[in-house]
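Structure assessment
Given next are the chains, with one letter for each unit.
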Amino acid sequence: MSVAGDNVGAFNGAGVGPVVYEAEDATLLGGVKTSSCSNFSAGTAVKATNTTKILNFSNIYADVAGFYTLTISAYSKTDSNVSYQVNGGAVETAAVTGAGIWCYEGAVPSDISVVVYLNAGNNSITFTDSVVIDKIMIADDVEIEYEAEAAVPNGTAEPTSCPNASQGEMVKNIGNSSANSLLFNNVEAPENGTYVVTVQYYATAQRDLGIAINGGAVTTYSVPASGDWCFAGGTPASIELNLPFDGGLNSLEVTNLTVVDKITVKW
Ligand SMILES: [Ca+2]
Ligand SMILES: [Ca+2]
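Residues numbered from 1 in each chain as written. Chains lettered and ligands numbered in written order. Predicted model: local features only at pLDDT ≥ 70, side-chain atom pairs only at ≥ 80, totals over all residues.

**Quick word on the overall build of the protein**
Summing up its helical and strand segments, the protein has 0 helices and 22 strands in all. Dimensions of the protein, computed from C-alpha atoms along their principal axes, come out at roughly 65 × 40 × 35 Å. Taken over 267 residues, the protein has a buried fraction of 35%. At a minimum sequence separation of 6, the contacts of the protein that also span at least 24 residues come to 69%. (Helix = DSSP H or I, 4+ residues; strand = E, 2+ residues; numbered from the N terminus. Buried ≥ 20, exposed ≤ 12 C-beta atoms within 10 Å, placed from the backbone. Contact = placed C-beta atoms within 7 Å.)

Here it is in structure tokens:
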């Protein structure tokens, strides 16, 4: 069993939280240095890397091959990037939001979550051209969030702001007609199959939510009232649906659910 902060580096058991790998315990190549700061996990992180100063985690264990969530705990004073490579594959880059201050001034690392494919057994994750890395975490579930306000509103549907909504925004006026819809057009799935999709929403009465996948027929799901509207202080409710996706990018069109905040797809 892992404890946050421990570098167990071994199989953690299915469904038992993420496994933590401290960067300072990984392999440091090309003279890359460590840095101490009380806000770093275990008090230490690995300084910026480049094409010759490299940080390599060589013992990332997965019990079965598949998709995992890699969370990178990284620190930078200004906006920057991390670049990582799994098992010698393509170099991927993810953005790191600058903390604005130095670690010794009180900054804490930020967590960047990405989806990676791991082989069964040991895997290697290598960082180059990256900011300070404190630790990485591997979780065996994948959840991808799609905010409603980033989707395509049709008809009367329109984004609106509310503090209780995820990211402070949501889409309202999805209803009354099938022309008033919200289209998520980039829902990703690794392969053909059925996926658990959570819809986070507001409705003050029961609704017959309509969902059309990839332009197909509309399927209706009964959705209970969530309580008060967001502007009246209500918190969003969630409903879990099992939906069929194709491998690759899918579209998901929502109708007749007054306010949609976000959807989450689990792999
Ligand atoms: Ca650390
Ligand atoms: Ca939202």
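Moving on, there is more to tell.
**Focus on the nonpolar core**
Counting residues in each nonpolar core, the largest one holds 36 residues, and the members touching the most others are Leu-55, Ala-74, Val-82, Val-132, Ile-133 and Ile-136. Counting residues per element, the ones that place at least two in this core are strand S1 (19-22), strand S4 (44-46), strand S5 (54-62), strand S6 (66-75), strand S7 (80-86), strand S9 (110-118), strand S10 (121-128) and strand S11 (132-139). If we ignore the near neighbours within four places in the chain, the residues touching Leu-55 are Ala-23, Ala-26, Leu-28, Val-32, Val-46, Thr-49, Phe-127 and Ile-133. Grouped together as the second largest cluster of nonpolar side chains are 29 residues, Ala-157, Val-197, Phe-245 and Leu-252 included. (Core = buried A, V, L, I, M, F, W, Y, C linked by C-beta atoms within 7 Å.)

**Topic: the sheet that holds strand S21 (residues 248-255)**
Strand order in this open sheet of 5 strands is S13-S16-S21-S18-S19, and the pairing throughout is antiparallel. Single-partner strands in this sheet number two, and they are strand S13 (152-153) and strand S19 (218-223). Sheet topology places strand S18 (residues 207-213) next to S19; 6 bridges connect them, and they run antiparallel. Across the sheet, residue Leu-209 finds its bridge partner in S19, namely Tyr-221. (Pairing = 2+ DSSP bridges.)

**Quick word on unusual backbone geometry**
Of note in the backbone geometry, Ala-42 takes a positive phi value of approximately 60° without being a glycine. Of the residues examined, Ala-42 has 16 C-beta atoms within 10 Å and is grouped as partly exposed. Here Asn-214, not a glycine, exhibits a phi torsion of approximately 50°, which is positive. In this fold, Asn-214 is placed in the loop between S18 and S19.

**Digging into the sheet that holds S10**
Strand-to-strand pairing in sheets goes through backbone hydrogen bonds, with the strands running parallel or antiparallel. Strand order in this open sheet of 5 strands is S2-S5-S10-S7-S8, and the pairing throughout is antiparallel. Only two strands of the sheet have a single neighbouring strand rather than two, namely strand S2 (27-29) and strand S8 (91-96). Ignoring which end each strand starts from, the neighbouring axes of this sheet average 30° apart. The pairing of S2 with S5 spans 3 bridges and is classified as antiparallel. Bridge pairing in S5 links Leu-29 to Ile-54. (Axes fitted to C-alpha atoms, helices over the stretch in contact; angles between N-to-C directions.)

**A look at the domain arrangement of the protein**
By the assigned domains, the protein splits into domain 1 (19-141) and domain 2 (144-266). Put simply, the middle of domain 1 and the middle of domain 2, counted by C-alpha atoms, are 33 Å apart. (Domains from an automatic or database assignment.)

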